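Notes for the structure review
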Amino acid sequence: MKKIFLMTAAVAGLLAGAAGAADLKFKPGEDAKFNWASYEEFKKAHGGSSGQSVTIFGPWRGEDQALFESILAYFEDATGIDVKYSSSENYEQQIVIDTQAGSPPDIAILPQPGLIADLASKGHLVPLGDDVKTWLLENYAAGQSWVDLATYKGKDGNPAIYGFPYKIDVKSLVWYVPENFEDAGYEVPKTMEELKALTEKIVADGGTPWCIGLGSGGATGWPATDWVEDLMLRTQPADVYDKWVSNEIKFDDPAVLGAIDEFGWFAKNDKFVDGGASAVASTDFRDSPKGLFASPPKCYLHHQASFIPSFFPEGTVVGEDADFFYMPPYEAKKDLGNPVLGAGTLAILTKDTPAARVFFDFLKTPIAHELWMAQSSFLTPYKAANKEAYANGPMAKQGDILLNATTFRFDGSDLMPGKIGAGAFWTGMVDYTGGKSAADVAAGIQKVWDSLK
């Protein structure tokens, strides 16, 4: 059997060195887009903490690690607390190993709510307290959604706030090429009814509306799960979404079948999809958006998360050559508001120390958000963070989507058991686009879920 030897996060942190060694990227007090007053207030409250240290273990490596460490430098500067950040290629396994061995970092930052739930249920996490719950409710847009995401059951079975959401990603996006829309006289739709009407209008004009590709090697099918999750949030209340994700309502419940068939309205119509419905499952998701940039366009619309510009033609400038709009809600279901599907990371307390608690106070300051917003790859629902701090227009636009959300829900497939969310759900969507009915596909997924119980 192949053995994998992993150093503990604490040891890795020592090797990583102090995060604050780098110079402060933005000089405190300069540039009015930053809330330096919040920094000074934090510094005044916690400036006498030198001699203490805190270890943080997270998922960020490479460029993201450098960005996070640039934020940690301000925490060190304000408090005098020595921060050691580390990561690992196998960070999900590593945090489990370290907590079980009784040698966890002080703070862990994880993008998997399911893993956090498991750690909390085994008594490996420390509750953050009701003050964090109150803070999230008052300061994050769609505050109750973030409280829900941060709440897990402890070893005693009682729910408590264990996570602090920090650094969010948005998935509810539809991409298009502004020049193509301008040439054809199309406008960005504000409702799902308008999006469907636009889809039919493009066909009537002789074009093909959508590029959809589910291909992803062993993970083929996953892009369809994002579609279904987005449509669940637009056709059902958030609590129904939650019950679906936890299997309190079955996968073949009419509410779920309705969302699957809404996806089918777009994906199973040969006239609506580049290459026809039969090409959906076989088209690689990385190649799928390229049709937007063909001349004449092979498609006009593409549903995908914020990372997809990485696969646009080289030199494409987002905001100019390509742009996006929020996946709109149904006019007929106004009571569901503006739901947003996404992902993100949560900071959790794995060892209760005064210095670790100070770090969570730092996350409550606007400056802890703005300093990363001003660089790249960071979105926040924090209402007090200055939107002008975003490094570019596309980031600010996605930030606005978060701020205007009435509900935020984490990617559903990531919350389901692995054999469902990263297995039967994927393959079921491939079968569905291949011609199987929603009822048959959903019954098959439910059968797998039942076998896990």
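Conventions adopted
Residues numbered from 1 in each chain as written. Predicted model: local features only at pLDDT ≥ 70, side-chain atom pairs only at ≥ 80, totals over all residues. Heavy atoms only, no water. Helix = DSSP H or I, 4+ residues; strand = E, 2+ residues; numbered from the N terminus. Rg over C-alpha atoms; globule rule 2.2 N^0.38 Å. Buried < 20%, exposed > 50% of the residue type's maximum accessible area, 1.4 Å probe, protein only. Contact = heavy atoms within 4.5 Å. Areas by Shrake-Rupley, 256 points an atom, 1.4 Å probe, with all protein chains shown as cover. Pairing = 2+ DSSP bridges. Right-handed = clockwise from strand over helix to strand, strands pointing away. Axes fitted to C-alpha atoms, helices over the stretch in contact; angles between N-to-C directions. 1 Å grid on protein atoms, 1.4 Å probe; cavity = no way out; pocket = protein on both sides within 12 Å on 5 of 7 lines; lining within 4 Å. Points joined across faces, edges and corners; volume = space filled by probe spheres on them. Nonpolar A, V, L, I, M, F, W, Y, C, P; charged D, E, K, R; others polar. Arc of directions from axis to C-beta. Domains from an automatic or database assignment. Polar contact = N/O pair within 3.5 Å; in protein donor to acceptor, adjacent residues only side chain to side chain. Buried area = accessible area lost by both parts, 1.4 Å probe. Salt bridge = Lys/Arg side-chain N within 4 Å of Asp/Glu carboxyl O.

Quick notes on the overall build of the protein
- A count of helices and strands for the protein gives 18 helices and eleven strands.
- Computed over the C-alpha atoms, the radius of gyration of the protein is 23 Å, within 12% of the 22 Å expected from 2.2 N^0.38 for a compact globule of 453 residues.
- The dimensions of the protein, computed from C-alpha atoms along their principal axes, are 70 × 55 × 45 Å.
- Scored against the burial criterion, the 453 residues of the protein give a buried share of 55%.
- Taking the intrachain contacts of the protein between residues at least 6 apart in sequence as the baseline, contacts between residues at least 24 apart amount to 75%.
- Entry remark: accessible area of the protein is about 18,600 Å², with carbon and sulfur atoms responsible for 50%.

Points about the pairing of strand β1 (residues 53-57)
- In terms of burial, β1 is a largely internal element, four of the five residues being buried.
- By the bridge criterion, five bridges tie β1 to strand β2 (residues 82-86) in an arrangement that is parallel. Bridge pairing in β2 places Ser53 opposite Asp82.
- Taken together, β1, helix α3 (residues 62-79) and β2 constitute a β-α-β crossover, and its handedness is right-handed.
- Bridge count for β1 against strand β3 (residues 107-110) is two bridges, and the pairing is parallel. When the bridges of β3 are listed, Ile56 appears paired with Ile107.

As for the sheet that holds strand β9 (residues 323-326)
- With antiparallel pairing, three strands are arranged side by side in an open sheet as β8-β7-β9. Edge positions in the sheet fall to β8 (302-303) and β9, since each of these pairs with one other strand and no more.
- Across two bridges, the pairing between strand β7 (residues 173-176) and β8 is antiparallel. Within β8, the residue paired with Trp175 across the bridge is His302.
- Along the sheet face, helix α15 (residues 393-403) touches β7 and β9 and points at about 5° away from the line of β9.

Quick notes on empty space enclosed by the protein
- Evaluated as defined, the whole model comprises one cavity of 30 Å³ or more.
- In this structure, the largest cavity encloses a volume near 70 Å³.
- Considering the residues around the largest cavity, the lining is formed by Cys211, Ile212, Gly213, Leu214, Pro223, Trp227, Phe285, His302, His303 and Gln304.
- Looking at the lining of the largest cavity, the elements that each hand over two or more residues are α10 (222-235) and β8.
- Here the lining of the largest cavity is built from residues that sort into six nonpolar, four polar and no charged.

Section: helix α4 (residues 91-100)
- Every buried residue belonging to α4 is among Tyr91, Gln94, Ile95, Asp98 and Thr99, and all of these are buried. The buried residues of α4 occupy an angular sector of 120° when projected down its axis, which confines them to one face.
- Following α4 by one or two positions, Gly102 has its phi on the positive side, about 75°.

As for the layout of surface pockets
- Each pocket or cavity is described by its volume, and for the largest pocket that value is around 960 Å³.
- In this structure, the largest pocket is lined by 41 residues; those nearest its centre are Lys167, Asp169, Ala305, Ser306 and Phe307.
- Sorting elements by how many residues they give to the lining of the largest pocket places strand β6 (residues 163-170) first, with four residues.
- Class assignment of the residues belonging to the lining of the largest pocket gives a composition of 21 nonpolar, twelve polar and eight charged.
- Taken together, domain 1 (36-168 + 343-410) and domain 2 (173-326 + 433-451) each give at least three residues to the lining of the largest pocket, which thus spans both.
- In this structure, the second largest pocket occupies an estimated 670 Å³ of space.
- Elements that contribute at least two residues to the lining of the second largest pocket include exactly α5 (113-121), α7 (143-150), β4 (151-153), α11 (238-246) and β11 (407-410).
- Sort the elements by how many residues they give to the lining of the second largest pocket and α11 lands first, with four residues.
- Residues belonging to the lining of the second largest pocket are distributed by class as follows: twelve nonpolar, four polar and five charged.
- Lining the lining of the second largest pocket are residues from two domains, each supplying at least three of them: domain 1 (36-168 + 343-410) and domain 2 (173-326 + 433-451).

Structural notes on the side chain of Thr199
- Among the structural elements, Thr199 can be located in helix α9 (residues 192-204).
- Taking the relative accessible area as the measure of exposure, Thr199 reaches 0% and is therefore buried.
- Here the side chain of Thr199 touches Trp210 through a polar contact of 3.1 Å, side chain to side chain.

Description of the domain arrangement of the protein
- Assigned domains of the protein: these are domain 1 (36-168 + 343-410) and domain 2 (173-326 + 433-451).
- Of note, the centres of domain 1 and domain 2, computed from C-alpha atoms alone, are 31 Å apart.
- Facing the seven residues of domain 1 at the interface are eleven residues of domain 2.
- Summing the contributions of domain 1 and of domain 2, the shared interface buries around 790 Å²; its carbon and sulfur component is 64%.
- Counting the contacts that link domain 1 with domain 2 gives two salt bridges.
- Between Asp242 and Arg409 there is a salt bridge whose closest N-O contact spans 2.8 Å.

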